[in-house]
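Spelled out from the first residue to the last, the chains are:
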Amino acid sequence: MAVLNINGKSVNATVDPRTPLLWVLRDTLGMTGTKYGCGIAQCGACTVLIDGMATRSCQVAINSVGNRKITTIEGLSVDGKLNKIQAAWVEHDVPQCGYCQSGMIMAATALLAAKPNPTDADIDAAMTNICRCGTYQQVREAIHTAAKA
Amino acid sequence: MTIQTSLGRRNFLVSGTAVAGGLSLGFRLPFTDGAAHAAEVQELNAWVVIHPDDKVVIRIARSEMGQGTLTGLAQLVAEELECDWAKVTWEYPTPGENVKRNRIWKNFSTGGSRGIRESNEYVRQGGAMAREMLIAAAAADWKVPATECSAAKSIITHKSSGRTVGFGKVAEAAAKLEPPKEVKLKDPKDWQIAGKPIKKLDTLEKVTGTQIYGIDFTMPGMLIAAVKASPVNGGKLKSFDAAKVEKMPGVKKVVAIDGNAVAVVAETYWTAKTALAALPVEWDFGKNGNVQQEDIVAMLKEGLDAPEAFVGNKVGDAKTAIDGAAKKVTATYSFPYQHHVTMEPMNATARYSADKCEVWCGTQNGEAALAATSEAAGLPIAKCEVYKQMLGGGFGRRGRADYVRQAVLIAKEMPGTPVKMIWSREEDMTHCQYHPTTMCKLTGGLDKDGNLVGLHIRISGQSILASLLPQNLVNGMDPATFQGFAASGPEATYGYTVPNLLIDHAMRNPHLTAGFWRGVNVNQNTVYMECFMDELAEAAGQDPLAFRMKLLKPKYAAVLKAAADKAGYGKPLPAGRFHGLAQVMGYGSYVAGVAEVSVSPEGQMKVHKITAATDSGYVVNPAQIERQVAGSFVYGLSAALYGEITVKDGAVEQTNFDSYNVMRMNEMPVVETALVPSGGFWGGVGEPTIAVAAPSVLNAIAKATGKRVRNLPLMHHELKKGA
């Protein structure tokens, strides 16, 4: 049994220790905000924060996590209040199909923590998540708005 | 917290009673507070439901997949209903209820940018009729003529007495009234809700991770299946050794389906996927297993000069005109297979018993999914139901119900147990109905003054209808192949006036299944036509814009001019940057794009900006159209830069994003959009601008480098100076 620190809570998960964090979140813990897109750390749909670092959870075996702090999209709003990044996403009406947006928001969270006022080049470098609907322009605008918030 | 509804003519019972599946039963919960109270809510007609607290539930038959149709359709209903937009929520009716109620919601199919352009009239009528019934009920209560009453922002007012009442208070009485026979719809110039840049109704869930997509669906006792079908289309399952994996912890069952696939059902997806990978399987690929990419290329090349071809558009005598022309220009282009690559891989959950089969899935065609459920289950439609889930992308892929069939067949092996089937990205990438591959040979004749006197466009390649809907072929011809080239019609009509024109198609069908891919055949036909237009202009010694303007019909010309003006076409650009143009009419809308591109001496190409113009007739939500235009360029440019599905030994070679690359943030150009609605028609906006992305960029590259790229994707081309 793995004891995980997710969104500030201690959570038990009885799974094969090699199971990727993504599938523990989704199938074992019912936290489906984190998405499966490729399974090979290419698309970023499964991005979560581990100790604040944007990490593709499809490539993180559960036995490698230890007691590091995991933050998922479900952990961003507090008491039903959107955080500034989510609020910027709403302001720019970013999502289209929305499937990639949890990962986008998590990647943006890590970016803004590291660089509170990112340049376009910083955004290009950090935001490597794939969006097939093509929301990149709105994602960029929302990150700049969140930076100013 | 759930909603249990029976879509009867009048009343819904909404309650907090727990039912397996909760929200996922296909209806968005009208009560967001989840309070366990029951209330009478009133269905005024198929489209409008009103709660006692004034909440308005608008029913949406088309599927939302990011294109914004949900919000746009709701705006149209709300506009006529005269309700308070802040009180609007939405729900999907189910395909099964549509069948039971004599298709009261009409077409569920969501493709061809048809959502708004095809259903705007009847959904607006639904809103207007409900409004009239609400007003009539209030007027009857007040004992005044209905003509003295009006509705605005969910409140009915009797002007002379100043009495007012909210929709929720009169909804019950209104629901008992006969609907008016006729209603007058508003002139779009009077719109207050429609026509405005309103934010999407489904954004909040998508930024909090609470939106449930098909892949997120869950219910008690549910198992999860991983599936593997023959890697070669048309191949058969020969054998598999279930004993090797059946005893793995968490594995419940190994099943063969349809004679061409095997699935492992387990407690979790990871267990199912791991066991499936360890399962020994043998296939019989048949003759398709020998097909190589060069065979497909050769097949298409042969069609370029084949004597027999279906004629899609003919004016005068192109061949004679070209033979007699002062100058002859010829070029051959090609467009490879493309994959949709929805971010959410195909999936569906099915629960089968001998007298009922239910499916929960994202689908672009709920009724096709229902038919596939019925067929796979071997049960009549009346005993089947499909609960539509949010789609993590569609792009045409989810219009086909092959994945629904598989899920039902798997569930049928475990009666009573709900089974969620998820395709791995690899399974998804290698089992698709791909954007067809075609080649095109264009031959144009110019007179001594550089006027285009004759044009022959020969398409060679795969037909979508032959793959998916052979019953829709017309004497063997696939009219959809000529999208963008059609002589007339509201869809994708050819915009140039050429005195002698022949557009024909030598159908050549390789073994991969071809299908509808966002933009469909408009995509490659626009690459061919618009790149060749630049080649013709160059041969004529004329500017590409001026050359086009002489030949374009008025609406096409107006949109191209709008894009060129907004982009500053013809004015000086920053050093090293070049403009390329393209235009087309697709899905009822006229669109054009101007790409601003640079190519470094090392051959590094960058699309700095694309300026687009769209004439969709009417504009229901300008902000969402702008998003569709920008998004469509990402789709079109991804295909142009990287998109290519190839075949080896009959199987698709690309398996995931590492071998099928797509555009990311760092390659995103600035997109500026001019909306130039000319009124009087309803054009679609989800697809048409995709088609101008690639040719406008290719035309700019030719200007920048002198190199004419005629075969996509661009990643295979060296753009370096001197190379």
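Residues numbered from 1 in each chain as written. Chains lettered and ligands numbered in written order. Predicted model: local features only at pLDDT ≥ 70, side-chain atom pairs only at ≥ 80, totals over all residues. Heavy atoms only, no water.

A. Local environment of the interface of chain A and chain B. On the side of chain B, 56 residues touch chain A, which itself brings 50 residues to the contact. For the pair chain A and chain B, the summed buried surface comes to about 4,300 Å²; carbon and sulfur atoms form 59% of the total. Taken as a group, Asp93, Arg132 and Tyr136 of chain A account for 20% of the area that chain A buries against chain B, more than any other trio of residues on that side. Taken together, chain A and chain B are joined by 29 residue pairs in polar contact (both at pLDDT 80 or more). Looking at which element gives the most residues to the side of chain A that touches chain B, the answer is helix H5 (residues 136-148) of chain A, with 5 residues. Residue classes in the side of chain A that touches chain B are distributed as 23 nonpolar, 17 polar and 10 charged. (Contact = heavy atoms within 4.5 Å. Buried area = accessible area lost by both parts, 1.4 Å probe. Polar contact = N/O pair within 3.5 Å; in protein donor to acceptor, adjacent residues only side chain to side chain. Helix = DSSP H or I, 4+ residues; strand = E, 2+ residues; numbered from the N terminus. Nonpolar A, V, L, I, M, F, W, Y, C, P; charged D, E, K, R; others polar.)

B. Structural context of the domain arrangement of chain A. Residues and elements named next belong to chain A. Per the domain assignment, the segments making up chain A are domain 1 (2-75) and domain 2 (84-148). For domain 1 and domain 2, the distance between their C-alpha centres works out to 20 Å. Taken together, the contact pairs 16 residues of domain 1 with 12 residues of domain 2. The contact between domain 1 and domain 2 buries some 1,100 Å² in all, and 61% of this surface belongs to carbon and sulfur atoms. Taken together, domain 1 and domain 2 are joined by 0 salt bridges. The interface formed by domain 1 and domain 2 includes 5 residue pairs in polar contact (both at pLDDT 80 or more). Contributing elements (two or more residues each) for the side of domain 1 that touches domain 2: strand E3 (47-50) and strand E4 (53-56). If one sorts the elements of the side of domain 1 that touches domain 2 by residue count, E3 sits on top with 3 residues. Of the residues belonging to the side of domain 1 that touches domain 2, the class tally is 7 nonpolar, 7 polar and 2 charged. (Domains from an automatic or database assignment. Salt bridge = Lys/Arg side-chain N within 4 Å of Asp/Glu carboxyl O.)

C. Quick look at the nonpolar core. Counting 226 residues, the largest nonpolar core has Trp89 of chain A together with Ile156 of chain B as the members making the most contacts within it. Contacts of Trp89 of chain A, omitting those with residues within four sequence positions, involve Val94, Pro95, Gln101, Met104, Ile105, Ala108, Val139, Ala142 and Ile143 of chain A together with Val207 of chain B. (Core = buried A, V, L, I, M, F, W, Y, C linked by side-chain atoms within 4.5 Å. Buried < 20%, exposed > 50% of the residue type's maximum accessible area, 1.4 Å probe, protein only.)

D. Structural detail: the environment of Ile155 of chain B. All names here are of chain B. Structurally, Ile155 is set in strand E7 (residues 155-158). Note on Ile155: relative accessible area 38%, which makes it partly exposed. When the C-alpha positions of Ile155 and Asp84 are compared, they lie 8.4 Å apart, and in sequence the two are 71 residues distant. Among residues more than four places away in sequence, those in contact with Ile155 are Ser150, Thr164, Val165, Gly166 and Phe167.

E. Geometry of the domain arrangement of chain B. All names here are of chain B. Its domain assignment divides chain B into domain 1 (59-200), domain 2 (214-286 + 346-422) and domain 3 (293-338 + 434-716). Counting residues at the interface gives 22 residues for domain 1, matched by 19 residues for domain 3. Roughly 1,400 Å² of surface becomes buried between domain 1 and domain 3 when both sides are summed, with 55% attributable to carbon and sulfur atoms. For the pair domain 1 and domain 3, the number of links is 1 salt bridge. Across the salt bridge formed by Arg117 and Glu491, the nearest N and O atoms sit 2.7 Å from each other. The interface formed by domain 1 and domain 3 includes 12 residue pairs in polar contact (both at pLDDT 80 or more). Looking at the side of domain 1 that touches domain 3, the elements with two or more residues in it are helix H1 (69-81) and helix H3 (115-142).

F. Spatial organisation of the side chain of Gln96 of chain A. The residue Gln96 of chain A is located in the loop between helix H2 (84-91) and helix H3 (101-114) in this model. Given the relative accessible area of 2%, Gln96 of chain A is considered buried. Not counting chain neighbours up to four residues away, the residues in contact with Gln96 of chain A comprise Cys133, Gly134 and Thr135 of chain A together with Gly66, Lys200, Lys206, Arg627 and Gln628 of chain B.

G. Highlighting helix H14 (residues 521-540) of chain B. Residues and elements named next belong to chain B. With 20 residues, H14 extends 28 Å from end C-alpha to end C-alpha; this agrees with the ideal 28 Å at 1.5 Å per step. In terms of burial, H14 is a largely internal element, 18 of the 20 residues being buried. Following H14 by one or two positions, Gly541 adopts a phi angle in the positive range, close to 70 degrees. (Expected span 1.5 Å × (residues − 1).)

H. Region of the structure containing the packing of aromatic side chains. One pass over the structure, following the stated rule, counts 19 aromatic pairs over all chains. Aromatic pair Tyr36 of chain A and Tyr269 of chain B: ring centres 6.0 Å apart, planes at 45 degrees, arrangement tilted. Pair noted here: Tyr36 of chain A is in the loop between helix H1 (21-28) and E3 and Tyr269 of chain B is in helix H7 (residues 269-278), and the two residues belong to different chains. Here Tyr36 of chain A and Tyr269 of chain B have matching classes, each one buried. Ring geometry for Trp360 of chain B versus Tyr387 of chain B: centroids 5.3 Å apart, planes at 25 degrees, classification stacked. Residue Trp360 of chain B is located in strand E17 (residues 356-361), and its partner Tyr387 of chain B is located in strand E18 (residues 384-388); the two are separated by 27 residues in the primary sequence. Accessibility expressed as a relative area gives 0% for Trp360 of chain B, which makes it buried. Of the aromatic side chains, those joined through ring pairs into one cluster are Trp23 and Tyr36 of chain A together with Tyr269 of chain B. (Phe/Tyr/Trp six-rings, centres within 6.5 Å; stacked < 30°, edge-to-face > 60°.)

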